[in-house]
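Coordinate inspection notes
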Amino acid sequence: MRRPAALAAGLGLALALAGCGSGDGDQGPELTVSGAYMPQPVSDSMAAGFLTITNDGSAQDRLTSVTSDIAGTVTVHETVDSAMREVKNLAVPADGSIVFRSGGNHLMFEKLKQKPKQGDTVTVVLHFADTDPVTVEMPVKAATYTPAAHGH
Ligand code: CU
């Protein structure tokens with residue numbers, strides 16, 4: 001019994017040290033999600049969602065997939081020259097952020113199981129390459145809602 005116990009204690013110590021971030025560049029990403037909202041969809045089958053993912057860590061992470069109870073599939077789209085296209089994953093740069101906003105990156109909810117209405121909250125789970133899944137409560141706003149601009 002002694003050997004497994006000693007091994008577990010050693011692993012715990014290693015994890016604790018890694019969590020401190022010694023400045024050797026082995027500190028992981030530190031993600032926070034803000035400003036999430038979904039404009040009330042006009043379509044019965046499709047909705048868009050917007051949010052900002054901020055990374056205060058010193059390592060890049062990647063958004064690899066998105067899931068939600070209300071949709072059969074959720075995909076990540078980017079807009080290039082007014083045309084949107086699906087992207088398989090999206091980098092969240094170290095000490096940076098990615099912004100999903102109207103006319104730019106957006107989440108696309110397809111095969112809706114119910115049609116979200118203003119005042120509802122949609123639960124969305126963001127899956128990352130390194131960080132554990134992040135659950136986001138996304139409020140449903142008016143179809144014409146746009147968030148207040150934080151400068152340009
Ligand atoms: Cu799209």
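Right, let's walk through the structure included here. (Residues numbered from 1 in each chain as written. Predicted model: local features only at pLDDT ≥ 70, side-chain atom pairs only at ≥ 80, totals over all residues. Heavy atoms only, no water.)

**Quick look at the pattern of salt bridges**
Rule in force here: One side-chain nitrogen of Lys or Arg within 4 Å of one carboxyl oxygen of Asp or Glu is enough to make a salt bridge. When a residue's accessible area, from a 1.4 Å probe over protein chains only, is under 20% of the maximum for its type it is buried; when over 50% it is exposed; and in between it is partly exposed.
Per the stated rule, a full pass over the model turns up 3 salt bridges. With a shortest N-O distance of 3.5 Å, Lys 88 and Glu 86 are connected by a salt bridge. Residue Glu 86 is classed as partly exposed on the basis of its relative accessible area, which comes to 45%.

**Side note on the coordination of the copper ion**
The criterion, for reference: Note that water is not among the atoms considered, so a metal site may appear incomplete; the donors listed are N, O and S atoms within 2.8 Å of the metal, with 3.2 Å applied to Na, K and Ca. Elements are defined by DSSP. Helices are runs of H or I of four residues or more, strands are runs of E of two residues or more, and each kind is numbered from the N terminus.
Taken together, His 77 (ND1), Met 84 (SD) and His 106 (NE2) make up the protein donors of the copper ion, found 2.0 to 2.2 Å from the metal. One chain supplies every donor for the copper ion, spaced along it as H-x6-M-x21-H. Of this pair, Met 84 sits in strand E5 (residues 83-87) while His 106 sits in strand E8 (residues 106-112), placing them 22 residues apart in sequence.

**Overview of the pairing of strand E2 (residues 46-55)**
Let me state the cut-off plainly: DSSP bridges decide pairing: two strands pair if at least two such bridges lie between them.
Of all 10 residues in E2, 7 are buried; the element is thus mostly enclosed. Pairing of strand E1 (residues 31-39) with E2 involves 5 bridges; the strand directions are antiparallel. If you follow Leu 31 over to E2, its bridge partner there is Asn 55. In sequence, E1 turns back onto E2 through a hairpin of 6 residues. Here E2 pairs with strand E7 (residues 96-99) via 4 bridges, running antiparallel.

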